[in-house]
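Here's the letter readout for the chains.
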Amino acid sequence: MAAPALADELQRFVQHLRVERRLAERTLAMYTDALRWLQQSAVDDGVDLLKAQAHHIRGWAARLRERGLGPRSIAIALAAWRGLFRHWGRERRVLHNPVEGIRPPKSPKPLPKALNVDQAVALAQQVPATDNPALRARDHCVVELLYGCGLRVGELTGLDVTASTTAAGWIDAADATAHVLGKGRKRRSVPVGGPALAALRDWLALRGELARPDEPALIVSNRGTRLSDSQVRSRLQLLARDAGLPTGVHPHMLRHSYASHL
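Residues numbered from 1 in each chain as written. Predicted model: local features only at pLDDT ≥ 70, side-chain atom pairs only at ≥ 80, totals over all residues. Heavy atoms only, no water.

**Student:** What is the right way to read the pairing of strand E2 (residues 177-181) from this model?
**Tutor:** For a regular strand, the rule is simple: side chains alternate between the two faces of the sheet. Across the five residues of E2, four count as buried, placing the element largely inside the fold. Note: strand E1 (residues 170-172) against E2, three bridges, orientation antiparallel. Bridge pairing in E2 places Trp170 opposite His179. Counted between consecutive antiparallel strands, the loop separating E1 from E2 contains four residues, among which Ala176 sits at a positive phi close to 55°. Of the pairings in the sheet, the one linking E2 to strand E3 (residues 187-191) comprises five bridges and is antiparallel in character. Among the inter-strand pairings, Thr177 is bridged to a residue of E3, identified as Pro191. Adjacent in sequence and paired antiparallel, E2 and E3 are bridged by five residues, among which Gly184 carries a positive phi angle near 65°. (Buried < 20%, exposed > 50% of the residue type's maximum accessible area, 1.4 Å probe, protein only. Helix = DSSP H or I, 4+ residues; strand = E, 2+ residues; numbered from the N terminus. Pairing = 2+ DSSP bridges.)

Laid out in structure tokens, this is it:
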């Protein structure tokens, strides 16, 4: 049996996520499934979604658990629902967000190895605390490449602007592919998503304001030389702090997030 179609107002929100937020197709598919479940739950209970309250959301989330969904899947569903009501709030269609404050079941893992969807999006959208447009573009590019491509920090810092026989790695923007030197000095290629490519273009437009004329590195420090692994870690910590995320955010956590959100 074909899945029920989303109502027009939910379809418009999905289109907003695709065009304005530029979410990856896999994430869009998960959000669409979550919105379809939200829509069906509201129909089953005779609730107008625009009038949904927190107790409705808790009940519908509980049904997801009854269906056998794990904490991560329920977290993704809640992220989709929360985003929908935030969007409606900006349009002044609802006065409050009934999903705010509602948390998914705790994961059995004592320490998270990956950011959840909300946290990853918050980190990607966090504007670096600097007045320098080039540094803002660079830090945004760093986050998008780590999260959007699943690069290791050493692979990221090893990227050069252009391909060459001496380059450890480079990005072929036309082919939307990153070519990197990974563990064991083995070459691998990974796809580069739309948000990462957009962030890369923004950074390349301003890179010349920081990079030394003879510096081959793609990602450079404010001194114009290749950014080090430790500097990347420090920048992520500052961005995570400003975004209100838990302490301990590190590059490998974004790599885990990339794998878990596919």
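Anyway, onward from the coordinates.
**Student:** What's the story with the packing of aromatic side chains in this structure? I'm lost.
**Tutor:** Think of a pair of aromatic rings as described by two things: how far the centres are apart, and how the planes are tilted against each other in angle. Following the criterion strictly, the structure yields one aromatic pair and no others. Consider the rings of Phe85 and Trp88, whose centres lie 5.4 Å apart with planes at 85°: the pair is edge-to-face. Here Phe85 pairs with Trp88, and both are found in helix H4 (residues 71-90), just three residues apart, close to one helical turn. Here Phe85 matches Trp88 in class, with each residue buried. (Phe/Tyr/Trp six-rings, centres within 6.5 Å; stacked < 30°, edge-to-face > 60°.)

**Student:** Explanation requested: the sheet that holds E1 in the structure shown.
**Tutor:** As a general point, the strands of a sheet are linked pairwise by backbone hydrogen bonds and lie either parallel or antiparallel. In spatial order, the strands read E1-E2-E3; together these three strands make up an open sheet with antiparallel pairing. Each having just a single partner strand, E1 and E3 make up the two edges of the open sheet. Neighbour-to-neighbour, the strand axes of the sheet open up by a mean angle of 25°, direction not taken into account. (Axes fitted to C-alpha atoms, helices over the stretch in contact; angles between N-to-C directions.)

**Student:** Looking at this structure, how should I read the pattern of salt bridges?
**Tutor:** Opposite charge on two side chains permits pairing when their charged atoms draw close. Here the structure, examined in full by the defined rule, presents eleven salt bridges. Two residues, Asp45 and Arg63, come together in a salt bridge whose shortest N-O distance is 2.7 Å. Of the two residues, Asp45 is situated in helix H2 (residues 25-45) and Arg63 in helix H3 (residues 54-66); the sequence distance between them amounts to 18 residues. Judged by relative accessible area, Asp45 falls into the partly exposed class, the value being 36%. Given the relative accessible area of 28%, Arg63 is considered partly exposed. Put simply, Asp160 and Arg226 hold a salt bridge, and the shortest N to O gap is 2.7 Å. One end of the pair, Asp160, is in the loop between helix H7 (153-157) and E1; the other, Arg226, is in the loop between helix H8 (194-207) and helix H9 (229-242), with 66 residues separating them in the sequence. By relative accessible area, which is 7% here, Asp160 ends up buried. Via salt bridges that share partners, Arg138, Asp139 and Arg235 belong to a single interconnected network. (Salt bridge = Lys/Arg side-chain N within 4 Å of Asp/Glu carboxyl O.)

**Student:** Please clarify how the nonpolar core should be interpreted in this entry.
**Tutor:** General note: in soluble globular proteins, nonpolar side chains tend to be found buried as a group. Leu123, Leu145, Leu156 and Trp203 are the most contacted members of the largest nonpolar core, which totals 41 residues. For this core, the leading source of residues is helix H6 (residues 133-149), giving ten residues. The contacts of Trp203, once residues within four sequence positions are left out, are Ala134, Ala137, Arg138, Cys141, Leu210, Leu218, Ile219 and Val220. Listed in part, the 35 residues of the second largest apolar core include Ala42, Leu64, Ala80 and Val117. (Core = buried A, V, L, I, M, F, W, Y, C linked by side-chain atoms within 4.5 Å. Contact = heavy atoms within 4.5 Å.)

**Student:** What is the right way to look at the environment of Leu17 in this model?
**Tutor:** Looking at the element boundaries, Leu17 is found in helix H1 (residues 8-19). Ignoring any residue separated from it by four or fewer positions in sequence, one finds Leu17 in contact with Arg22, Leu23, Leu28 and Tyr31.

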